[in-house]
Structures are given as structure tokens and as C-alpha cells.
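In case you want the letters, here they are:
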Amino acid sequence: MTVIEFPELPFRATSHQACDWLAHQTSAPWTLARMLEHGLTPWVWLDHDPNYPALFGEANGGYPAPIFFEEDIRRLAAGSEDVLITITKDVHKIVTRLEAPGFRRALHELRFLRTDLERLVKKIRREAESEAQAVAAVPAPAPVATESRIGINREQVLTAFSRLLKIDLEQALDNGLGIFGDDGSRIKSTTRKAKNKIEWHPVTLALGLNDLYRVPLPQLRRAFATHDFLHPWIGDWDHSLALLGK
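The present account deals with the structure reproduced in this document. (Residues numbered from 1 in each chain as written. Predicted model: local features only at pLDDT ≥ 70, side-chain atom pairs only at ≥ 80, totals over all residues. Heavy atoms only, no water.)

With that settled, consider unusual backbone geometry. Glycine aside, negative phi is the norm for most residues, and most peptide bonds take the trans geometry. With an omega dihedral of 10 degrees, the bond running from Ala 100 to Pro 101 counts as a cis peptide bond. Inspection of the secondary structure puts Pro 101 in the loop between strand S6 (95-97) and strand S7 (103-106). Despite not being glycine, Lys 93 has its phi angle at roughly 70 degrees, a positive value. Here Lys 93 lies in the loop between strand S5 (87-89) and S6. Judged by its relative accessible area of 69%, Lys 93 falls in the exposed class. (Helix = DSSP H or I, 4+ residues; strand = E, 2+ residues; numbered from the N terminus. Buried < 20%, exposed > 50% of the residue type's maximum accessible area, 1.4 Å probe, protein only.)

The structure is reproduced here in C-alpha cells:
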């Protein structure tokens, strides 16, 4: 069998090189937006500009500047046609706000550090291994009569999912009309009951947390595998992901 060797990743990889390498390492497609979502820092080489002496210092040839400001990253992730840098670090690695409107660069000038990419792949593989071990360690759930339970209660929702979110999930349950509008993930037949009697459909809730709050699917899978009260919905969860192609 012929072994196809993948090209070695350069120290500073272009977006295209980084996406191709990550796809090769993880067997999944990658985009610039996905790399940014995973916290990778893009860099741009800034040629020396005498109009910004404090920024360049003695770096007469220029230096690589990181892009990390939330607004700049959000613009890139949204599919902007170029790079806008409004805050970066100077040659001495001190955070600096650039004069408006900032620096603009072409998308092809973006670079990603090989060390950052390698660290991300190790993290992804480590999480996948931990997930596989967690699933393997959980015994197959005993069959449960579907009519015995229709959802999970407030305490179970918070136990399973609150640590996965940056928002206050407890407040969201009170104020969010099921979190996702209308009745959302709430079981409609329970909405007229006392607050402590309301139940939520865990699969609908989990899919919404992934879609709206970007909770990673591996973390949600682990929740279904590790919490006994979610075991009756594992089949529905897997089936829903299969239908969505995830």
C-alpha cells in the first residue's frame, strides 16, 4: 500500500495550510472560523512603519503581531474580506491600541503558529480519548418505559449542563421561556404546573445549547453518558445527531 506523506507544517502556517493540516490530523474539515472558535491566535507580519516608532521600537524590519482583540476576531470569524487590527501587541509584547481606523491586511497574510496547531490537535485527541473512556466505563442503561418519564427536572438540568455554559443557566430557565423562545425545550404539558414541577426535554435542550451557546458536542455527549438520569435519552440523542449529520 502506498503511504501518502503529508507536507510538513511550516513554523508560521497560512490559513489554508493550517486548515489542511488540521483536517489531516483530525479527519474533519476545518475553516478559518472554526480555528478561531477553538481559540487559535492569528498573526500578521507588520513591516516597519516610521510613523509608529513606539510600536516598532528597534525592529527596523518589522515584527509578527498577534490578533486577539474580541472585536477583531469576531469580524474575521464572521467572514470578513480582509483583516482589521485595532488592538495588538507592540514589539515589546505590550498591548497597544492602534490609531483609528487601525491596520488593514489581506486575508492571505494571516499566519498560525505550528506550536499552537500542534497543541490544539493534542487537546482534541486527549478529549476524544477521555470521551471514549467515559462512554466505555458507563454500563448500558436498563430499558426504561417511555411513559414513565417525559423530561428532566430543573435540578437535573442544572446538574447536567450548567457547568458547560458561561451564562447563568438557572436564571435562563426562569426567564428564557424554555431558553430558546416559546416553550423551547420545556415539556409543554408541564408548563402550567408549579415551577419546581416543570420538565425539559434533554435532547432538545442539548441541541439548543450547542446551536446558540456553542457548547461543544463532545461535552454534551459526555453529559448523556455520565448522568444516570439522562440514560433513557441516549438513543434519541444519537439519532438526532445522525439526522443532523453531526
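After that view of the structure, there is still more to cover.
Counting 29 residues, the largest nonpolar core has Leu 22, Met 35, Leu 46 and Leu 117 as its most contacted members. Residue assignment for this core shows that the elements contributing at least two residues are helix H1 (15-26), helix H2 (32-37), strand S2 (42-46), helix H3 (53-56), strand S3 (63-66), helix H4 (70-77), strand S4 (82-85) and helix H5 (114-137). With four residues, the single largest contributor to this core is H1. With sequence-adjacent residues up to four places away left out, Leu 117 is seen in contact with Leu 9, Ala 13, Ala 18, Trp 21, Leu 22, Met 35, Leu 40 and Phe 112. Counting 26 residues, the second largest nonpolar core, distinct from the first, contains Ala 206, Leu 209, Leu 220 and Phe 224. (Core = buried A, V, L, I, M, F, W, Y, C linked by side-chain atoms within 4.5 Å. Contact = heavy atoms within 4.5 Å.)

Okay, the side chain of Asn 210 next. Within the secondary structure, Asn 210 sits in helix H8 (residues 202-213). Setting aside anything within four residues of it in sequence, one finds Asn 210 in contact with Val 215, Pro 216, Leu 217, Leu 220 and Lys 246.

The grouping of Ile 167, Leu 212 and Tyr 213 at the surface amounts to a nonpolar patch, some 250 Å² of accessible area in total. Considering the arrangement of structural elements, one finds Leu 212 in helix H8. (Patch = residues over 30% accessible without salt bridge, like charges linked within 9 Å, V, L, I, M, F, W, Y side chains within 5 Å. Areas by Shrake-Rupley, 256 points an atom, 1.4 Å probe, with all protein chains shown as cover. Salt bridge = Lys/Arg side-chain N within 4 Å of Asp/Glu carboxyl O.)

Another point: the pattern of salt bridges. All told, the structure shown has seven salt bridges when counted by the stated rule. Across the pair Glu 71 and Arg 74 runs a salt bridge, and its minimum N-O distance is 2.9 Å. Separated by three residues within a single helix, Glu 71 and Arg 74 lie in helix H4, roughly one turn from each other. Take Glu 71: its relative accessible area is 45%, and that puts it in the partly exposed class. Residue Arg 74 is classed as partly exposed on the basis of its relative accessible area, which comes to 42%. The residue Arg 75 makes a salt bridge to Asp 82 at a minimum N-O spacing of 2.7 Å. According to the relative accessible area criterion, Arg 75 is partly exposed, its value standing at 27%. When salt bridges that share partners are traced, they join Glu 70, Glu 71 and Arg 74 into one network.

A word on the packing of aromatic side chains. Counted according to the given criterion, the structure contains four aromatic pairs. Here Tyr 52 and Phe 103 contribute two aromatic rings whose centre-to-centre distance is 5.0 Å and whose plane-to-plane angle is 85 degrees, an arrangement assigned as edge-to-face. Placement of the pair is Tyr 52 in the loop between S2 and H3 and Phe 103 in strand S7, with a sequence separation of 51 residues. Exposure remark for Tyr 52: the relative accessible area of 22% places this residue in the partly exposed category. A residue is classified by how much of its surface remains accessible, and Phe 103, at 9% relative accessible area, is buried. Centre to centre, the rings of Phe 56 and Tyr 63 are 5.6 Å apart; their planes meet at 75 degrees, and the pair counts as edge-to-face. (Phe/Tyr/Trp six-rings, centres within 6.5 Å; stacked < 30°, edge-to-face > 60°.)

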